[in-house]
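# A structural walkthrough
Spelled out, the chains give:
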Amino acid sequence: MHTIATLETSTLPALDLVDLSTVTGGYDFGQAVQAGNSAAGPGREAGQTLGSGFDAAYKAIRGTDSTIGSQVGGPIGAAVGWGGGFAANTAQQLWGKK
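Residue positions are counted from 1 within each chain, in the order its sequence is given. Reporting in this predicted model follows two pLDDT cut-offs: at least 70 for local features of residues, and 80 or more for side-chain atom pairs to be given and counted; totals over whole chains, interfaces and linings ignore these cut-offs and use all residues. For side-chain calculations, the full set of non-hydrogen atoms in the structure is used, while hydrogens and water are omitted.

Our focus in this paragraph is helix 2 (residues 29–62). Put simply, DSSP marks the helices as runs of H or I at least four residues long and the strands as runs of E at least two long, and each gets a number from the N terminus on. Expected helix span is computed as 1.5 Å times (number of residues minus one). With 34 residues, helix 2 extends 46 Å between its outermost C-alpha atoms, agreeing within 8% with the 50 Å of an ideal straight helix rising 1.5 Å per residue. The largest bend in helix 2 comes to about 30°, at Ala40, with the proline Pro42 one to four residues further on. Within the span of helix 2, buried status applies to Ala32, Gly36, Ala40, Gly43, Gly47, Gly51 and Asp55. Contacts made by the buried residues of helix 2 are with helix 3 (68–95). Once helix 2 finishes, Gly63 follows within two positions and takes phi at roughly 85°, a positive value. We define the bend at each residue as the angle formed by axes fitted to the 7 residues ending at it and the 7 residues starting at it. Three exposure classes are used, based on accessible area relative to the maximum for each residue type with a 1.4 Å probe and protein chains only: buried under 20%, partly exposed in between, and exposed over 50%. Note on definitions: a residue-residue contact is assigned when non-hydrogen atoms from the two residues lie within 4.5 Å.

Two elements in contact, helix 2 and helix 3, have axes separated by 5 Å at closest approach and are oriented at 150°. Looking at the two axes, helix 2 sits roughly antiparallel to helix 3. Like other packed secondary-structure pairs, helix 2 and helix 3 cross with a definite hand, here right-handed. To obtain each axis, a line is fitted to C-alpha atoms, and for helices this fit is confined to the stretch in contact; angles are then taken between N-to-C directions over 0 to 180 degrees. The labels follow the angle: roughly parallel below 35 degrees, roughly antiparallel above 145, roughly perpendicular from 65 to 115, and oblique for the rest. Take the far helix as your reference; a near helix turned counterclockwise from it by less than a right angle gives a left-handed crossing, and one turned clockwise gives a right-handed crossing.

Structure follows, in structure tokens:
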């Protein structure tokens, strides 16, 4: 035998938007996104530098040119930088400054 639970929405209290606007603190998603955006630029530059270094090492070892490092280094670095900035800000918001 299966029992299905039902919930009547009329018994739930309504929350006014004014009540939500008085809440202070908490997690600010927009702030974390902006921190990620700020870290993406330096991450792109670092990735581009590492990618160019890969291309130079590839040429030194193999004797042929490569552009794969400089092509993918920047975008990968930007993605890693954005993720790092977002994660660092989220940790700071959730666990406080240390």
